[in-house]
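# A structural walkthrough
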Amino acid sequence: MVAEPVHSENTVKIQNFINNQFVAPEQNQWLDVYEPATAEIYASLAASTTADVDAACAAASKAAPAWAALAPAARAKYLYKLSAAIKDRFDEFAIAESKDNGKPINNSRTIDIPRSIDNLRFYAAAAEHFASESHAGSSGVINFTLRQPLGVVVCISPWNFPLHLLSWKIAPALAAGNTVVAKPSEVTPNTANLLAECCQQVGFPPGVINFVHGQGAEAGAALVNHPLVKAVSFTGSTATGRVIARQMAEQFKKYSLEMGGKNPSIVFADCDLDKAIEGITRAAFSNQGQVCLCGSRILVEQSIYPQVRAALVANAKALVIGDPQDPATQQGALVSSEHQQKVLDYIQLAQTEGGTLLCGGKAVQLPGRCQNGWFVEPTLIEGLNQDCRTNQEEIFGPVATIQPFTDEAEALKLANQTDYGLACSIWSRDLDRCQRMAHKIEAGIIWVNSWMERRDLRTPFGGVKQSGVGREGGFEAMRFFTETKNVCIKYQA
Ligand code: NAD
């Protein structure tokens, strides 16, 4: 029998934010929002429908011409202020993100919230630095390129880095002169709501930035198909990306898709072993393995395989699983009960497919406040071939497989033998080899002797194959959020 969900004492209401006002959804329907560490419902979320989407898109459309006409420096000021407003409430944001997602507070303090602040600052500066080309031709002719805002754009984000990935889209969209309707994940809407409060405080012109909450299949789909929407920037699963791509193609709208991954960490025998083991442990289990960039397939050169396997098992067992709000915790809760079950099902499947559990494999019951939370042990599996589902499908939990390889050619073959192509880390002191591999690996992001190095926000970010279409980051995002027009002028030479 499934237990009745428990409501926490002070359930908060998360409303939509349209035209600078917090508003209840038209149909007055609400979704439950859970704290993953306790399994308690702590918020009610607006379950938006077409009527709410219509209102948000109309507001954004009305605001678009004036926002586009503002000088880039004036738009930048709003973004700098928004960045500062998050910084002023840093602790509140960090605690909210950890509570909403189940991630260790140490992660939200050092990754999620600082990066969100940086995203907004970076694109405030980018607004002023974004420039376009001109082409002086034969005498009497000059061509120049206009990059004009699109109008109303939609930003759809997932639950694993709720504020970070939302701000990573909103910031370039606004900087480039568009108005935005944002659709945060319904699983983790908490910090988006705080961000809306900051937008109100900063005093954006009404309609420039709007938040519509609710189910993807309802609110998200209504946004994607709305006639006033010119482009969609999406981060989430490949399955959802495929649905959105079909609908966007039908309407000839612009889209950018950041989707799933099944990323290899490749360890050669000549690497700095201590650094490699630290890196591949982080790559496998950070954020409970709920990072699109996670290295969930660990490929190790045969001669050092036993050593790497033993060290990884020791590291995985040493990770501290605990209350996400405790600064000592290294592994928090998985985001939902369904997701925990999905991860446990994959661990079961791996064994059915012939894999051997080297460590982990079970749900964890913590004492006290978190006794009902959705925790899973960091899990390492060996003995599987590359074709099996465990090595092909994105698990998105604290689960990694380990496989030996004999030489560079085999490492490359195993690395590329997947439908995904997001990221890869290569560990070797032979930089010629690393260069060769980097050229041949089918992925959008390659790390050499590192993993998830603190992002240089100027660099392109995205995947190939079923991991993505288009690139975010730097001016790539500014280009996505603008339409390019060539103007050819003939003059009297
Ligand atoms: P998801 O696809 O279930 O949901 C993502 C967002 O899309 C949510 O806001 C959801 O409400 C919305 N949505 C769902 N159906 C929709 C529809 N039909 N139309 C419009 N919007 C819809 O993904 P998730 O479970 O929230 O996130 C986990 C996934 O995200 C993983 O696959 C992970 O790899 C991926 N991810 C990718 C990146 C990247 O940069 N490549 C980064 C983070 C996460």
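What you are looking at is a predicted structure, and each value in this text was computed from that prediction instead of being measured.

Conventions we followed
Residues numbered from 1 in each chain as written. Predicted model: local features only at pLDDT ≥ 70, side-chain atom pairs only at ≥ 80, totals over all residues. Heavy atoms only, no water. Pairing = 2+ DSSP bridges. Helix = DSSP H or I, 4+ residues; strand = E, 2+ residues; numbered from the N terminus. Axes fitted to C-alpha atoms, helices over the stretch in contact; angles between N-to-C directions. Contact = heavy atoms within 4.5 Å. Near = heavy atom within 4 Å. Polar contact = N/O pair within 3.5 Å; in protein donor to acceptor, adjacent residues only side chain to side chain. Nonpolar A, V, L, I, M, F, W, Y, C, P; charged D, E, K, R; others polar. Domains from an automatic or database assignment. Salt bridge = Lys/Arg side-chain N within 4 Å of Asp/Glu carboxyl O. Buried < 20%, exposed > 50% of the residue type's maximum accessible area, 1.4 Å probe, protein only. Phe/Tyr/Trp six-rings, centres within 6.5 Å; stacked < 30°, edge-to-face > 60°. Lys NZ or Arg CZ within 6 Å of the ring centre and 35° of its normal. Buried area = accessible area lost by both parts, 1.4 Å probe. Core = buried A, V, L, I, M, F, W, Y, C linked by side-chain atoms within 4.5 Å. Expected span 1.5 Å × (residues − 1).

Within a sheet, neighbouring strands are paired by backbone hydrogen bonds and run either parallel or antiparallel to one another. Strand order across the open sheet formed by seven strands is β15-β18-β19-β14-β13-β21-β22, with mixed pairing between neighbours. Looking at strand neighbours, the two that pair on one side only are β15 (356-359) and β22 (445-448), the edges of this open sheet. The sheet shows a mean angle of 25 degrees between the axes of neighbouring strands, direction not considered. The sheet contact formed by β15 and strand β18 (residues 379-382) spans three bridges and is antiparallel. Bridge pairing in β18 places L357 opposite I381.

Glancing now at the sheet that holds strand β25 (residues 482-490). Pairing in this open sheet of three strands is antiparallel, and the strands run β6-β7-β25 from one edge to the other. Each having just a single partner strand, β6 (134-136) and β25 make up the two edges of the open sheet. On average, adjacent strands in this sheet sit at an angle of 15 degrees to one another, irrespective of strand direction. Pairing analysis gives three bridges linking β6 to strand β7 (residues 141-149), with the strands arranged antiparallel. Counted as the bridge partner of A136 is I142 from β7.

A separate point is the environment of V364. The topology assignment puts V364 in strand β16 (residues 363-364). Note: C-alpha distance between V364 and V376 (twelve residues apart in sequence) is 5.4 Å. Look past the residues within four positions of V364 in its chain and what remains in contact with it is I321, G373, F375, V376 and E377.

Attention now goes to the site of the ligand. Around the ligand, a shell composed of 29 residues is seen, among which E186, S237, T240, M259 and E394 lie nearest. Between a nitrogen atom of the ligand and a main-chain N or O atom of A221, the distance comes to 3.5 Å. Here an oxygen atom of the ligand and a side-chain polar atom of T240 are 2.7 Å apart. Looking at the shell around the ligand, the elements that each hand over two or more residues are α7 (216-224), β11 (229-235) and α8 (238-251). Of the residues forming the shell around the ligand, the biggest block, five residues, is contributed by α7. For the shell around the ligand, the class distribution of residues is 15 nonpolar, ten polar and four charged. Looking at which domains feed residues into the shell around the ligand, each of domain 1 (6-259 + 468-486) and domain 2 (264-456) gives three or more.

This part takes up the pattern of salt bridges. Pairs can form between side chains of opposite charge whenever their charged atoms are close. Counted under the stated rule, the structure contains 21 salt bridges. Of the charged contacts in the structure, one is a salt bridge between K169 and E472, with a shortest N-O distance of 2.7 Å. Here the residue K169 occupies a position in helix α5 (residues 162-175), and E472 occupies one in the loop between β24 (468-469) and α15 (474-480), the gap between them amounting to 303 residues. We note a salt bridge from K275 to D272, for which the minimum N-O separation is 3.6 Å. Residue D272 is classed as partly exposed on the basis of its relative accessible area, which comes to 27%.

One pass over the structure, following the stated rule, counts 13 aromatic pairs. Here F480 and F481 contribute two aromatic rings whose centre-to-centre distance is 4.9 Å and whose plane-to-plane angle is 75 degrees, an arrangement assigned as edge-to-face. Per residue, the accessibility class of F480 equals that of F481, and both read buried. Ring pairing ties together the aromatic residues F17, F22 and F211, which thus form one cluster. Its guanidinium or amino end placed over the ring of W30, K13 lies 4.5 Å from that ring's centre, counting from NZ or CZ. For R433, the ring lying beneath its charged end belongs to F268, and the centroid distance is 4.0 Å.

Attention now moves to the domain arrangement of the protein. Looking at the protein, the domain boundaries give domain 1 (6-259 + 468-486) and domain 2 (264-456). The C-alpha-based centres of domain 1 and domain 2 are spaced at 30 Å. Of the roughly 2,300 Å² buried at the junction of domain 1 and domain 2 (both faces included), carbon and sulfur atoms supply 54%. Considering only the surface of domain 1 that becomes buried against domain 2, A37, R115 and W159 emerge as the three largest contributors, covering 22% of it. Linking domain 1 with domain 2 are two salt bridges, by the criterion used here. Note that R369 is salt-bridged to E35, the shortest N-O span being 3.1 Å. Applying the counting criterion to the domain 1 and domain 2 interface returns eleven residue pairs in polar contact (both at pLDDT 80 or more). For the side of domain 1 that touches domain 2, the secondary structure elements donating two or more residues are β4 (30-35), α3 (90-101) and α4 (105-129). A per-element tally of the side of domain 1 that touches domain 2 places α4 first, with six residues. When grouped by side-chain class, the residues that make up the side of domain 1 that touches domain 2 number twelve nonpolar, ten polar and six charged.

Looking now at the nonpolar core. Ranked by internal contacts, the top residues of the largest apolar core, which has 87 residues, are I170, V180, F204, F211, L293 and I298. Ranked by residues supplied to this core, first place goes to α5 with nine residues. Domain assignment of the residues forming this core places at least three in each of domain 1 (6-259 + 468-486) and domain 2 (264-456). Among all residues touching V180, those that are not within four sequence positions of it are V153, C155, I170, A173, L174, V208, I209 and N210. Core analysis: the next-biggest nonpolar cluster, separate from the first, contains 23 residues, C57, A60, V181 and A245 among them.

The terminal C-alpha atoms of helix α10 (residues 305-318), which comprises 14 residues, lie 20 Å apart, in line with the 20 Å expected from a rise of 1.5 Å per residue. Among the structural elements, α9 (273-285), β14 (295-301), β15, β18 and β19 (399-405) are those in contact with the buried residues of α10.

Looking at the secondary structure, you find F93 in helix α3. Residue F93 is classed as buried on the basis of its relative accessible area of 0%. Expressed as a C-alpha distance, the spacing of F93 and S108, which sit 15 residues apart in the sequence, is 8.3 Å. In contact with F93, not counting residues within four places along its chain, are I86, I113, L163, T191, L194, L195 and C198.

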